[in-house]
Amino acid sequence: MGRIQLKDVTKSFGEAQVIPPLNLTIEDGEFTVFVGPSGCGKSTLLRLIAGLEDITSGVIEINGEDATDVVPARRGLAMVFQSYALYPHMSVRKNIAFPLRMAKMSPDEIDRRVKSAADVLNLTDYLERRPGQLSGGQRQRVAIGRAIVREPAAFLFDEPLSNLDAALRVGMRMEISELHKKLDTTMVYVTHDQVEAMTMADKIVVLQAGYIEQVGSPLELYQRPKNTFVAGFIGSPKMNLVTGAEAARHDATTIGIRPEHIDISDSEGAWKGIVGVSEHLGSDTFFHIHSDISDEPLTVRASGELLLDYGATVFLTPRAEYLHRFDARGLRIE
Amino acid sequence: MATKASRSAARLMMAPAVILLMGWMLVPLTMTVWFSFRKYLPLRGGDLGPAGFDNYVRFVTSSSFWPAVWTTLIIVGGVLLITVVLGILLALLLDQPMWGQGVVRILVIAPFFVMPTVSALVWKNMFMDPTNGLFAHLWRLFGAEPVAWLSEASMGSIVMIVSWQWLPFATLILLTAIQSLDSEQLEAAEMDGAGPLQRFGHIILPHLGRAITIVILIQTIFLLSIFAEIFVTTGGAFGTRTLTYLIFQRVLESQNVGLGSAGGVYAIILANIVAIFLMRIVGKNLDA
Amino acid sequence: MARAVSTQRKTLTTALAWAIGLVIFFPILWTVLTSFKTEAQAIANPPIFLNFDWTLENYAIVQERSNYMRFLWNSVILAGGSTLLGIIIAVPAAWSMAFVPSKRTKDILLWMLSTKMLPAVGVLYPIYLLFIKMGLLDSRAGMVIVLMLINLPIIVWMLYTYFREIPGEILEAARMDGATLKEELIYILTPMAIPGIASTVLLNFILAWNEAFWTLNLTAVDAAPLTAFIASYSSPEGLFFAKLSAASTMAIAPILILGWFSQKQLVRGLTFGAVK
């Protein structure tokens, strides 16, 4: 069981309010991702849930019980830190066993649980090593191992993959998703990387300056961003946002169109443009095209086979059904 | 990164250190300031009533005041000059690749660990003694008349002894600073066509700037209050009476506590002027 | 990447560095050598460097005449006691400042530093007077307290800089893992900080051992440590070079050995973490 509810939670550091009143429910078994640019309050929010920071006002409930004033140790949550926070003076075995030792569990039970966690995480051969002797990915797994042995009500992850190199990150992403399916426990995951959010989450919470901009499944966020912030933040490369005359033509202050929803042609189309830098990924190519409708170049995604010369003239046509419209306050117009 | 619980625990755990140091600072300081405004002669009746600013005026106008100030300045300035210049050169040398670097380092650092009374006595007797000292032997070897160092060249001798004690400190800190210099910076400068002297002037010296400042400030604070070296060698005679030593004599030798306390207040003000600069640097470092 | 340096240049640097190193070290070396000479050989002209009749006589005489062991014991008690007491008081304070910093932490740290800069002579008489009134003059307890107080700022600062290098996340991880504050300090912080605590102890032991203002002014017989013992040689015994050397060697030997272990920490401790 791991249902977490935040009711009118606020957090201030001195004068500065970093979390304005905020309400959020994380359902049992759900994989929830907090995503947003750095300084948006996502890590603070996670630390409030963990109990590592006091909330200024409001209530945090875990499984329907008020946990606002419960110390971190008694909340039944486990956390994986950005730096992994392994105890450098203890072996892998002792690291994983530490929470169990603190819970005064019997040595036999500790042994059994450490063994099974090590099994799941492929750490059996490394149990006697110190964290300093492990690779980044192995350390990450030890940190996860230390979290899972407690069988917590929920896991909290604070940007756990940001210290890994790109290749390893993809692998660990899969492993954590796999773990979630296997354990079926609530997971709350903080990241600034929208790709991680999209690939792993059941539910994404987009935060900016402490405010929740939108809550929804990855596809909901992608297909129907509530405002220009979410529109620009979710999706890679970013959605093209265009203001001015072209937007007014669609009865909006801002219009948005994703790079993958623009057709490109060398003879005819709605917008005329000049090819700038192109990024060839092999499977796809991203063209940055300068047009009269916007000061910023438009990003267009095309098949990897399409070759266009720098400075060539092209025509672009947005697919009407994928055009997003936003009003003066940046809110979505249905 | 904290909760109310840990904050109150923190305050409690900090209390003993803060309270003790507060007492250590405030109680004697208040007493010194109080005495400095009294006519206070423990051996001649004790507290003989208020003295206004008499002690302050008398301390500054006494014939020994300005000589003491000069002595202090010469010792502090001389030692600083010697230790910083030699320290930089020595640090540069020790930073070069060589055999037995560790041993040389140890040899150079050793004087810092010699207690002040020992180094003063060893220098005074075994090196500077006009009859049997090593220097006297050396002088005679070249047919020169041995010098009675501590009476004829008293200031130079004391500056030498103290420099010997503090050179390791300057060298060690400057060496640490040099070693923290990114070698890519030097290589970049070399690619840009800078010769060894230019590299020293434009890259190494600016990089050492902060360390040099710190060496100067910290040494100044310690040097302003050197005591044992003078106590053991000249006892303040032959023009080696520093401000610190003058105050010591007023307070404990002639037992004129009021006068000595006024001197103490001057010393505190002087030290604070240096301290403010040091604390700025250290404070900046705290934010990093 | 370090470049290969020509052997010729390396030889030259080595010779120069060793020469300078030996000149700087010479007074200490000479003192140690002289301590094994007879008094006549000690003042011989030309000086005898190595081929003298090695004798331990001076050490025996020094011990016999001035009861060296008692001064040594006092030094150990004063330096050890003040360091231990200082650590006990400073560890919780440094923990607080490193891991639960508040807006005032910086001010408190700088203020502590400022107490270290108070010139001792400025408060000499008040302390002297308080010591008489409290019966602490020439007592070990009094000296332990004074030495602890003058070094407390350095101890707090050194521990603080070491603790700050321990990532706060590790302590938070322990908290999440169910450790209480006490368990956090015992199982996580202390084992991780042991190298730092050890260097702090070492450096402060040295500083307390060599302290020569308060020990000279506030002790006479009962609590007098080696600094005072040596000062008593200032005259006329100082003219007996061999005995002076034996006494000096005994006073500095323990600390020279400890000092060599602590050279790295010396920099950090004496610059209050401003140079590492």
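Just so it is clear, the structure is predicted and the values come from calculations on it, not from any experiment. (Residues numbered from 1 in each chain as written. Chains lettered and ligands numbered in written order. Predicted model: local features only at pLDDT ≥ 70, side-chain atom pairs only at ≥ 80, totals over all residues.)

Remark: helix α4 (residues 101-109) of chain B packs on helix α1 (residues 7-34) of chain C, axes separated minimally by 7 Å, with the N-to-C direction vectors making an angle of 30°. Relative to α1 of chain C, α4 of chain B is oriented roughly parallel. For the element pair α4 of chain B and α1 of chain C, the recorded crossing hand is left-handed. Counted together, Val 104, Leu 107 and Val 108 of chain B of α4 of chain B and Ala 17, Trp 18, Gly 21, Leu 22, Ile 24 and Phe 25 of chain C of α1 of chain C form the full contact between these two elements. (Axes fitted to C-alpha atoms, helices over the stretch in contact; angles between N-to-C directions. Helix = DSSP H or I, 4+ residues; strand = E, 2+ residues; numbered from the N terminus. Parallel < 35°, antiparallel > 145°, perpendicular 65-115°, else oblique. Left-handed = near helix turned anticlockwise from the far one by under 90°. Contact = placed C-beta atoms within 7 Å.)

For the rest of this paragraph, the subject is the sheet that holds strand β13 (residues 262-265) of chain A. Residue and element names in this part refer to chain A. Spatially, the five strands line up as an open sheet ordered β13-β17-β14-β15-β16, and their pairing is antiparallel. The open sheet terminates on both sides in strands that have one partner only, identified here as β13 and β16 (294-303). Each adjacent strand pair in this sheet contributes to an overall mean axis angle of 45°, direction not counted. As judged from the four bridges shared by β13 and strand β17 (residues 313-318), these two strands associate in the antiparallel manner. Across the sheet, Asp 263 pairs through a bridge with Thr 317, a residue of β17. (Pairing = 2+ DSSP bridges.)

Contacts between the two partners involve 18 residues from chain A, matched on the other side by 15 residues from chain C. Of the residues contributing to the side of chain A that touches chain C, the split by class is 15 nonpolar, two polar and one charged. (Nonpolar A, V, L, I, M, F, W, Y, C, P; charged D, E, K, R; others polar.)

This next bit is on the nonpolar core. Within the largest apolar cluster, 260 residues are counted, with the highest numbers of intra-cluster contacts made by Ala 94, Val 156 and Leu 159 of chain C. For this core, the element with the highest residue contribution is helix α7 (residues 140-164) of chain C, accounting for 17 residues. The contacts of Val 156 of chain C, once residues within four sequence positions are left out, are Ala 17 of chain B together with Ala 90, Ala 93, Ala 94 and Met 112 of chain C. (Core = buried A, V, L, I, M, F, W, Y, C linked by C-beta atoms within 7 Å. Buried ≥ 20, exposed ≤ 12 C-beta atoms within 10 Å, placed from the backbone.)

This part takes up the sheet that holds strand β5 (residues 65-66) of chain A. Residues and elements named next belong to chain A. On the basis of which strands lie adjacent, the open sheet formed by four strands has the order β2-β1-β4-β5 and antiparallel pairing. The open sheet is flanked by β2 (16-26) and β5, the only strands paired with a single partner. Across seven bridges, the pairing between strand β1 (residues 4-13) and β2 is antiparallel. From the neighbouring strand, Ile 4 faces β2, where its bridge partner is Ile 26.

Every contact between the two is made by 87 residues of chain C and, on the other side, 87 residues of chain B. Classifying every residue of the side of chain C that touches chain B gives 64 nonpolar, 21 polar and two charged.

As far as domains go, chain A holds domain 1 (4-230) and domain 2 (238-326). Here the C-alpha centre of domain 2 of chain A lies 38 Å away from the C-alpha centre of domain 1 of chain A. (Domains from an automatic or database assignment.)

Let's shift gears to helix α1 (residues 42-50) of chain A. The buried fraction of α1 of chain A is high, at nine of nine residues. Three or more residues of α1 of chain A are buried, namely Lys 42, Ser 43, Thr 44, Leu 45, Leu 46, Arg 47, Leu 48, Ile 49 and Ala 50 of chain A.

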